[in-house]
Every structure is written in C-alpha cells, then in structure tokens.
Amino acid sequence: MMKFPFVYHASYSQLALPPLHRFPTAKYQQLFNYAIENGLVCSSRHYQAEKIDLELIKAVHDPDYVNAFINGTIDAKAIRRIGFPWSQRLVDRTLHAINGTLLTCTLALEHQIAVHFTGGYHHAHRDFGSGFCIFNDLVIAANHLIETEKLDTVLIFDCDVHQGDGTATLCQTQPNIISCSVHCKQNFPSRKPQSDYDIELDKGCDDNEYLAHIGSILKYLTQLHRPDLIIYDAGVDIHEDDDLGYLNITTQGILERDKLVLSIAKQQSIPIAAVIGGGYSRQVEALTLRHSQLLIAANQIWV
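The following paragraphs examine the structure supplied in this document. Numbering of residues begins from 1 in every chain and follows the order in which that chain's sequence is written. Given that the model is predicted, a residue must reach a pLDDT of at least 70 before its local features are reported, and side-chain atom pairs must reach 80 or more before they are shown or counted; all residues, however, enter totals for whole chains, interfaces and linings. Hydrogens are left out, water is left out, and the side-chain values use all remaining heavy atoms of the structure.

Okay, empty space enclosed by the protein next. In this analysis a 1.4 Å probe is tested at points of a 1 Å grid over the protein atoms alone, and where it fits but cannot get out there is a cavity; an open set with protein on both sides within 12 Å along at least five of seven lines is a pocket; lining residues have an atom within 4 Å of a point. Grid points are joined across faces, edges and corners, and a volume is the space filled by probe spheres set on the points. Inspection of the entire model under this criterion finds 2 cavities of 30 Å³ or more. Together, F23, F84, L90, R93, T94, I98, Y121, F132, C133, I134 and F135 line the largest cavity. Three classes are used: nonpolar for Ala, Val, Leu, Ile, Met, Phe, Trp, Tyr, Cys and Pro, charged for Asp, Glu, Lys and Arg, and polar for all others, with Gly counted as polar. For the lining of the largest cavity, the per-class residue count stands at 9 nonpolar, 1 polar and 1 charged. A volume near 30 Å³ is recorded for the second largest cavity. If you trace the second largest cavity, you find it lined by I156, D158, G164, T167, S179, C180, S181 and S195. The helix count covers DSSP runs of H or I at least four residues long, the strand count covers runs of E at least two residues long, and both are numbered beginning at the N terminus. Those elements that place two or more of their residues in the lining of the second largest cavity are β4 (154–158) and β5 (177–184). Per element, the largest residue contribution to the lining of the second largest cavity is 3 residues, and it comes from β5. A per-class count over the lining of the second largest cavity returns 2 nonpolar, 5 polar and 1 charged.

Another aspect to go through is helix α1 (residues 27–37). Three exposure classes are used, based on accessible area relative to the maximum for each residue type with a 1.4 Å probe and protein chains only: buried under 20%, partly exposed in between, and exposed over 50%. Of the positions making up α1, those classed as buried are K27, Y28, L31, F32 and A35. The arc that holds every buried residue of α1, seen down its axis, measures 135°, which confines them to one face. The contact criterion used is simple: two residues touch if any of their non-hydrogen atoms lie within 4.5 Å. Contacts made by the buried residues of α1 are with β1 (6–7), β2 (46–47), α5 (88–111) and α10 (284–301). Among the residues trailing α1, G39 stands out with phi positive, at a value near 70°. Working definition: the arc comes from the directions between the helix axis and the C-beta atoms, pointing outward to the latter.

What follows covers the packing of helix α9 (residues 251–267) against α10. Under this scheme, a helix contributes an axis fitted over its contacting stretch, all axes are lines through C-alpha atoms, and angles between N-to-C directions fall in the 0 to 180 degree range. Packing of α9 against α10 leaves a shortest axis separation of 8 Å and a crossing angle of 40°. Looking at the two axes, α9 sits oblique to α10. Along this stretch, α9 crosses α10, giving a crossing that reads as right-handed. The segment α9 lies against α10, with T251, I254, L255, D258, K259, L262, S263 and K266 engaging R290, Q293, L294, I296, A297, A298, Q300 and I301. Between 65 and 115 degrees an angle is taken as roughly perpendicular, under 35 as roughly parallel, over 145 as roughly antiparallel, and anywhere else as oblique. Helix crossings are classified by the rotation of the near helix relative to the far one: an anticlockwise turn of less than a right angle makes the crossing left-handed, while a clockwise turn makes it right-handed.

In this section: the pattern of salt bridges. Put simply, a salt bridge is a Lys or Arg side-chain nitrogen that is within 4 Å of an Asp or Glu carboxyl oxygen. Applying the stated criterion to the full structure yields 3 salt bridges. Across the pair K51 and D92 runs a salt bridge whose closest N-O atoms are separated by 3.0 Å. In this pair, K51 is assigned in the loop between β2 and α2 (54–58) and D92 in helix α5, connecting sequence segments 41 residues apart. Where K259 meets E256, a salt bridge forms, and the shortest distance between an N and an O atom there is 3.9 Å. Note that K259 and E256 are positioned in helix α9 at a spacing of 3 residues, about one turn of the helix.

Taken together, the side chains of E200, D202, D206 and E209 define an acidic patch exposed on the protein surface. With respect to the element layout, E200 can be found in strand β6 (residues 197–201). Note that patches include only residues with greater than 30% relative accessible area and no salt bridge, and the join distances are 9 Å for like charges and 5 Å for nonpolar side chains (Val, Leu, Ile, Met, Phe, Trp, Tyr). The Shrake-Rupley method, run with a 1.4 Å probe, gives the accessible areas here. Residue values count only the displayed protein chains as cover. Note that His is not counted, nor are the chain ends; the positive residues are Lys and Arg, and the negative ones are Asp and Glu. Charged groups are reduced to one reference atom each: NZ for lysine, CZ for arginine, CG for aspartic acid, CD for glutamic acid.

Among buried residues, those of type Ala, Val, Leu, Ile, Met, Phe, Trp, Tyr and Cys that are joined through side-chain atoms within 4.5 Å constitute a nonpolar core. F117, F157, Y210 and Y232 are the most contacted members of the largest nonpolar core, which totals 105 residues. The biggest single contributor to this core is α5, with 9 residues. Those residues within four positions of Y210 in sequence are excluded, and the remaining contacts are C159, V182, L201, C205, I238, L247, I249 and R257.

DSSP calls a pair of strands paired once it identifies at least 2 bridges connecting them. A sheet is described by the order of its strands in space; here 8 strands give the open sequence β2-β1-β3-β8-β7-β4-β5-β6, paired in parallel fashion. Two strands lie at the open edges of the sheet, namely β2 and β6, each paired on one side alone. Where β4 and β5 come together, 5 bridges link them in parallel fashion. Each bridged residue has a counterpart across the sheet, and for L155 the counterpart in β5 is I178.

So, in structure tokens, the structure goes:
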C-alpha cells in the first residue's frame, strides 16, 4: 500500500519556551516519532519545506508587520498577544511551518491527500498575531495556489475548538477562499468575526451531536461550492480532556470525525490537505495519540 505524503521539519519542536509555558512544542517531534515507529507513515513519503519567500506572506499580511516580526523589532505588546517570546528560532520555525502548509497543499493536489505535522495558525490577522499564531498559513497557502495553480475555489474547513477569527477577517477580501469554522461558542476568542460559515457548538457537545454537524455542513459546502481543494484544520482541542477545550469529544470521536471528513473529500474527488491544528495537554503521550487519529483515518480511507 502506498502511504500518503506528509510534511515535517525538525524546527517545529526546536523552540525554547519558558518553564510551564502552555504551548506543547514537543508534540510535533513526538508525533513524528510515533507515526514512524507505528507504521502510520512511511519515511520515503516524508517531505520538508524550506523557509517561505516573504513575498508570499506579504501578499496576505501587512508588510510592516511581517518585517517587524522577522527583524525582531515587533512591539512588545504585539509579541505578548502572540504568546511567544521573540527569538530567531521562532522566526525560523515560523517560516518553515508556513511553507510546510503550502507544500502540503501542493502535494495534495498531486496525490489527492497530504498531511502536515503542524499548521492551522488561524488566529493570525492581517497586521497582528494572536493565540500562538503569527502568520495565517491556511490563507497564505490558499491565496498562493489560487494565483499560481489557477484554482477557482479553496475551502478552509476549520475544526479546531477555537474559532478561526484571523481566517475569517482575511477571507472577507478573498471571494475565492471559503472559510468555515466549527468551534465552541463559549471559547476563545471572545469577539468572533464572521466567517463565511460559522457552526457554533455549546459547551459539552458530545460525539454524536458533533459528528452530525460535521457531516452535514461539509457535504453542503462541497456540493454548493465545488472547491478545487479542501484545507482541513484537524484540531484535537475538541477532546474532552484538552486543557483549552470545552467540548466532550472522545478519542474515538476524533477518529470518526477525521474519517468522515476524509471520506467526503475522497467520495467527491476533492484533494484534501490536512494540518494537525491545536491540541493542548501537558501529557504529551496522550496528545500524540489524539493527533495520530488523523493518520489512522488517512490510512483507513486512502487505501
């Protein structure tokens, strides 16, 4: 069986953060090791992205903001809003990761599916970052592919527990990028700008209710918009034990969601690029298991 292509760079976990920082930087390396050791991916299908051309970022984000972050002259208040201390390692990681999502999308167009072992920086707005998100990889990738690959429509299907507020604002000027966010109504951010489609779920939503929403909205969107590509944010912070999530979705529920999303894409012959999105726990092994459900689903659906 030919495994699907995936994108991972060592810089994703090479980020020095203060003790007890909430961002689980170790999970990317952990997921990579777990996936290789358990045969969920094949090393021969491993791709690494170089640093992205800054002009591709500036096509979506304010050039002054981009330059300030890259050069380390970003305002202290702005960097606090992002949630990371500035460092050259953060810059390097960011540029590899943003290009990693673009590479994942390119691979998906060629192979029908590809997975990125980070990504989903949906809180990044045009001229500021927020919530561990500096530049919006989802919109940057979609915008560039529309321009260069001449795609008519890209659907960003965001299943992170938090609303993709940055994606929402950026896509308001991008008619060819359809933004859909399925998120917890009571969770971050407090102010939620309007996506093209917002599916707001109440605290405590369980597997059955959640999966019914996912299936119905994705089938509706794919039939209505006929996208040339789906960029899927497969966040696992929907999990019942996530530190920052308010939903009651089980690990099995995550697997069923990922299988459902991938199945709909496959049935309609729409290429799908998946990023692993958010997931927060100080128990890295448990977090790795949750993220691995996407890889298990891909192996079951793409055979």
